[in-house]
Amino acid sequence: MSTSSVWEARALRARRAAVIGPYSPMFYDEPLHVVSGHDVWLTGSDGVEYLDAYNNVPHVGHCNPEVVRAISEQAAKLNVHTRYLHEPVVEYAEMLLATFAPYLDKVFLTNSGSEANELALRIARQHTGATGVLVTDFSYHGNTTALAELTTGLPVKEPLGQHVRALRIPDVVADSRPEHVVLAEALEAAAAAIASLRAAGHGVSALLFDPLFSTEGLLQPPAGYVEGLVALVHGAGGLVIADEVQSGLGRSGSHFWGHEVHGIRPDLVTMGKPLGNGHPLGGVVTTTALLEEFGSANLYFNTFAGNPVSAAAGMAVLRETASRELQSRAAELGRHAREVLDKLAAERPSVRAVRGSGLFFGLEFVDDDGGAGAARAKWVVEDMLRRGVLISKIGPRENVLKIRPPMVFEHEHLDLLVDRLTASLDELEQVEARGGLRSGSAAPDVAGASAGTPDIGVSTGLFIDGRWRSGSRTFDVLNPADGSLLTRVTAADESDVDDAVRSARRAFDGEWGQAAGTARAAVLHRIADLIERDADRLARLEALDIGKPVGQPAMLDVPNAAATFRHFAGWADKITGSAIPTDGYFGRPTHSYTVREPIGVVAAIIPWNTPLMIAAWKLAPALATGNTVVVKPAEDAPLSILALAELVQEAGVPAGVVNVIPGLGEEAGAALVRHPEVDKISFTGSPEVGRQIGRVAAESFKRVTLELGGKSPQIVLADADVEAAVQGIALGLFFNQGEVCAAGTRVLVHRSLYDQVVEALAGAANGQVVGDPFDPQTTMGALVSQEHLDRVLSYVDRAKDEGARLVAGGGRPRGEGYFIQPTVFADVARDATIAREEIFGPVGAVIPFDDVEEAIEIANETEYGLAATIWTRDVSLAHTLAHEVRAGAVWVNGWAAINPALPWGGVKTSGVGRELGWSGILANTEEKVVTIVL
Ligand code: PMP
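Residues numbered from 1 in each chain as written. Predicted model: local features only at pLDDT ≥ 70, side-chain atom pairs only at ≥ 80, totals over all residues. Heavy atoms only, no water.

J.: Even after reading the chapter, I still don't get the overall build of the chain, so can you show me in this structure?
T.: Looking only at helices and strands, the chain has 28 helices and 35 strands in total. With 934 residues in all, the chain has 57% of them scored as buried. Counting contacts in the chain only where the partners sit at least 6 residues apart, residues at least 24 apart contribute 74% of the total. Each charge sign in the chain was given a centre, from 79 positive and 116 negative side chains, and these centres are 2 Å apart. (Helix = DSSP H or I, 4+ residues; strand = E, 2+ residues; numbered from the N terminus. Buried < 20%, exposed > 50% of the residue type's maximum accessible area, 1.4 Å probe, protein only. Contact = heavy atoms within 4.5 Å. Lys, Arg positive; Asp, Glu negative; His and termini not counted. Charge placed at Lys NZ, Arg CZ, Asp CG, Glu CD.)

Below, the structure written as structure tokens:
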């Protein structure tokens, strides 16, 4: 969910709690806030569509248009008390009874399933003169006073009534004994219960049961059990009530009503809200004899049950069920589902059995000892919510996943369900392999739910075509400061990437491609405004996700991102061409001019070190020039870019202009780069990946901007201000844990200052405060991941092996989190590994030089060429050296003096092309020349 909708949902939840209280439970703890529904989909307040695979109440689909039409038409015409004569109720009763065996020929209408059961029990009492009731254990039949006394296993305070006996339903799936033994034992238990009711003077008035045993966990009794039970009850003079609130209307696939599955003849059938597709409508279907007997002795009517509007809803449901052949479709889809789910269960030791039939399934979870896997079921239900699929769990041990979608479920929905379920079960296995389910065993909520952690509440889906959506898989986002799981983010797969690119293409071909520069400027300013508004939150997200001290993004990344949007807002209406005089065309004068046009769809692939800032560097110029963008954040640090996508949405950027698709490089990144509809790729990252991108891009002549890091020198000349130089060098080494492409990691020092600088740098390293990114004292946080930490540590080992002198750090400060000490090596050989390769960590290599020529030689003997710093007071020398250093940027007497107005990019392996400033405009446009022969 997006942040704004998380807050909205939480606020609504608080309002609900204030007026409804906490005891009217909801399906999900997470504040899912649904605002609309259609077919098998529910839409959250954030625009995410959830597949409803749980809710049988909207039998013919959420807000089914035929039902809505029937209700609207009837509501506009007439809705009255049921004591008026009107046709709809009669017509409905006729239609409903036509679905039953002919002996069930009368109906009492009610508003709900509970009311229906209550009435059915009264009818049974009146008929039998007895009070005893048999119910099935752990089934739910409603919550009126009388029904509460019948309900076992639910948090209902009323004790089971003295007149009630609960029967445990035998289950041949869980019971390994021969079926006839199970059957005999269960029927004996039923006979004993009847005997006990009689002995206590209650007699037997009724058996109340749900034919699909759904709340008990979709149990499978032995053949003949239900028939035997019915015979026993009838033999004892009692009536049989089949509670069809969950099982009727074709759901079982094989029969229209659930009791027909068992070939029995109940005396009463009770029904609830699916009858009206969720509108208040229920009923008790019975025989003429029972109706006469009850009706003649009791005043029974219900003031509004079967009112014209409910009846109209009921008729539309029956018409839809018949015309769309929902029962036979449920049977067919059910068979297929059963095959697929059986296969899925067979491959997983955590799933013992698939239960149910038709469009009503359960997946029974076991734990490793074969006991009930309630924690696993709970985890999967919550994880599936994150994947955009609603299912639930049932059974006395809450270990059965309940899948009971609206009857309009199609193959494609089943495929999606199975896909997501497979992914969820895969992930469950991984989570367990990593150390089992955590306390509470729930899938993690967005971070911030637990006390002490910053409240991030950021969207974790894919932002495509202006909407948030889930996908088939997720990846974990870990907190580098302690290795804990922060949240899970949806991983885009190839088809998601395709959707995103197509949406960007549509947006480009549509209004955005034609939008005036001033309109684009306004959009960019709005994004900048929102970044400034949310500066604190964005800085915290960066700190949380990357492990950097929160003060650093607050000082640099976030203000720079806002400034970048503002800078390019300024350009958006000033992208001009030029008029070029020529000597004409075949003697005729000409008028030639150039225009700069957007390139099209830009793929922006963002690194994890300063994601928000670099996303702004790519997005702002692309948007200013009228391109549309698909942004792929790094899997190690997607959170601030997801937050940026929320701001893009809030800023009213037209759908498809900016799409954000978190995912894995090898899958989503690769698919994006390959995509034929992508016109330009802007990538910041490693040379290896840059090379691959360049190769793929060359195939289809995609434009590329590649920024691939560096091994930047800091040259301290003999006349330098040493104090300022040391300060700047320390910043260049340790800022952002050294995870900076422009990090000044090759410290070249004139021999006259060498010892002094080495000592001062060691002091600066030891003076860094390494620790909690949220502690204001901290100057250096954790590295982004365990993998990266290992890589950086391997460079430290290598430097030691190669004979460099360690003067500070070199180890890890503490066990938890991916921390490393700020590290300085002196006497590093010019050809040592740490003098040449990019480490991307807080590791400096100090190298002495004797004269300026040598300094330049060392500075240039690297394959990289991103930036360089020169520390000198000699203006002339500064300019001369600035010329001679091969780099995209040279700073004199300062490190990383970056600004959105200044071009950014490298030479040699550091990359191709420039971003920012006017160069950013050039990099995002194609130049066209128009010549008019006058
Ligand atoms: N019986 C069964 C089997 C039910 O599932 C339910 C509730 N879904 C009821 C009765 C009670 O119906 P209602 O909530 O309409 O009162």
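J.: How should the site of the ligand be read in this particular structure?
T.: Taken together, the residues surrounding the ligand are Ser-112, Gly-113, Ser-114, Asn-117, Tyr-140, His-141, Gly-142, Asp-243, Val-245, Gln-246 and Lys-273. Interatomic distance of 3.5 Å between a side-chain N/O atom of Ser-112 and an oxygen atom of the ligand. If the ligand stood free it would expose 390 Å²; the protein chains cover 83% of that surface. Per-class residue counts for the shell around the ligand are 2 nonpolar, 7 polar and 2 charged. (Near = heavy atom within 4 Å. Polar contact = N/O pair within 3.5 Å; in protein donor to acceptor, adjacent residues only side chain to side chain. Areas by Shrake-Rupley, 256 points an atom, 1.4 Å probe, with all protein chains shown as cover. Nonpolar A, V, L, I, M, F, W, Y, C, P; charged D, E, K, R; others polar.)

J.: Can you walk me through the sheet that holds strand S21 (residues 590-598) in this structure?
T.: Within the open sheet, the 3 strands sit side by side as S20-S21-S35. Their pairing is antiparallel. Bordering the open sheet on either side are strand S20 (579-580) and strand S35 (925-933), each of which pairs with just one other strand. Looking at chain direction, S20 and S21 are connected through 2 bridges and run antiparallel. Its bridge partner lying in S21, Ile-580 is registered against Ser-592. (Pairing = 2+ DSSP bridges.)

J.: What's the story with the layout of surface pockets in this structure? I'm lost.
T.: To find the voids left in a structure, one rolls a probe of water-molecule size over its atoms. In this structure, the second largest pocket occupies an estimated 1,400 Å³ of space. Along its surface, the second largest pocket is lined by 48 residues, and Trp-608, Asp-636, Gly-685, Ser-686 and Val-689 are the ones closest to its centre. When contributions to the lining of the second largest pocket are tallied by element, the ones reaching two or more residues are strand S18 (473-478), helix H20 (665-674), strand S25 (680-684), helix H21 (687-699) and helix H24 (786-801). At 7 residues, the largest contribution of residues to the lining of the second largest pocket is made by H21. Taken together, the residues of the lining of the second largest pocket break down into 21 nonpolar, 11 polar and 16 charged. (1 Å grid on protein atoms, 1.4 Å probe; cavity = no way out; pocket = protein on both sides within 12 Å on 5 of 7 lines; lining within 4 Å. Points joined across faces, edges and corners; volume = space filled by probe spheres on them.)

J.: Help me out: how do you make sense of the UniProt feature "active site" (unreviewed entry) in the chain in this one?
T.: If you check UniProt for "active site" (unreviewed entry), the listed places come out as Glu-707 in our numbering. Checked against the element boundaries, Glu-707 lands in strand S26 (residues 703-707). Look at Glu-707 and you get buried, because its relative accessible area is 2%. (UniProt positions renumbered as here; feature names shortened; annotations may be inferred.)

J.: I keep staring at the side chain of Arg-746 and nothing clicks. Help me out?
T.: In this structure, Arg-746 sits in strand S28 (residues 746-750). Although buried, Arg-746 forms no salt bridge, and the nearest oppositely charged side chain, Glu-861, lies 5.5 Å from it. With residues near it in sequence (within four places) discarded, Arg-746 still touches Lys-711, Ser-712, Pro-713, Gln-714, Ala-835, Ala-845, Ile-858, Ala-859, Glu-861 and Thr-862. (Salt bridge = Lys/Arg side-chain N within 4 Å of Asp/Glu carboxyl O.)

J.: How do you make sense of the pattern of salt bridges when you look at a structure like this?
T.: Where side chains of opposite charge bring their charged atoms close, a pairing between them can arise. Going through the model one piece at a time under the given rule, you end up with 48 salt bridges. Residue Glu-429 is joined to Arg-348 by a salt bridge in which the shortest nitrogen-to-oxygen separation is 3.4 Å. Taken together, the residues span a long stretch of sequence, with Glu-429 in helix H12 (residues 411-433) and Arg-348 in the loop between helix H10 (326-346) and strand S11 (351-357) at a distance of 81 residues. On the accessibility criterion, Arg-348 (7% relative accessible area) is buried. One salt bridge connects Arg-751 with Asp-850, and the closest N-O pair in it is separated by 2.8 Å. With Arg-751 in the loop between S28 and helix H23 (754-766) and Asp-850 in the loop between strand S31 (843-849) and helix H26 (852-860), this pair connects stretches of sequence that are 99 residues apart. Taking the relative accessible area as the measure of exposure, Arg-751 reaches 46% and is therefore partly exposed. Each of Asp-383, Arg-387, Glu-427, Asp-476 and Arg-488 takes part in a single network of salt bridges with overlapping partners.

J.: So what exactly am I meant to see when it comes to the domain arrangement of the chain here?
T.: Interfaces are frequently sized by the accessible area removed from exposure as the parts join. Segmentation of the chain into domains returns domain 1 (3-61 + 326-434), domain 2 (65-249 + 267-282 + 303-324), domain 3 (462-680) and domain 4 (713-909). With centres defined by C-alpha atoms, the gap from domain 3 to domain 4 works out at 30 Å. Each side of the interface is counted separately: domain 3 has 29 residues, and domain 4 has 27 residues. Across the contact surface, domain 3 and domain 4 share 0 salt bridges. Taken together, the connections running from domain 3 to domain 4 amount to 8 residue pairs in polar contact (both at pLDDT 80 or more). If you list the elements that add at least two residues to the side of domain 3 that touches domain 4, you get helix H16 (535-546), helix H17 (551-572) and helix H18 (611-624). Element by element, the count of residues in the side of domain 3 that touches domain 4 is highest for H17, at 8 residues. Here the side of domain 3 that touches domain 4 is built from residues that sort into 15 nonpolar, 9 polar and 5 charged. (Domains from an automatic or database assignment.)

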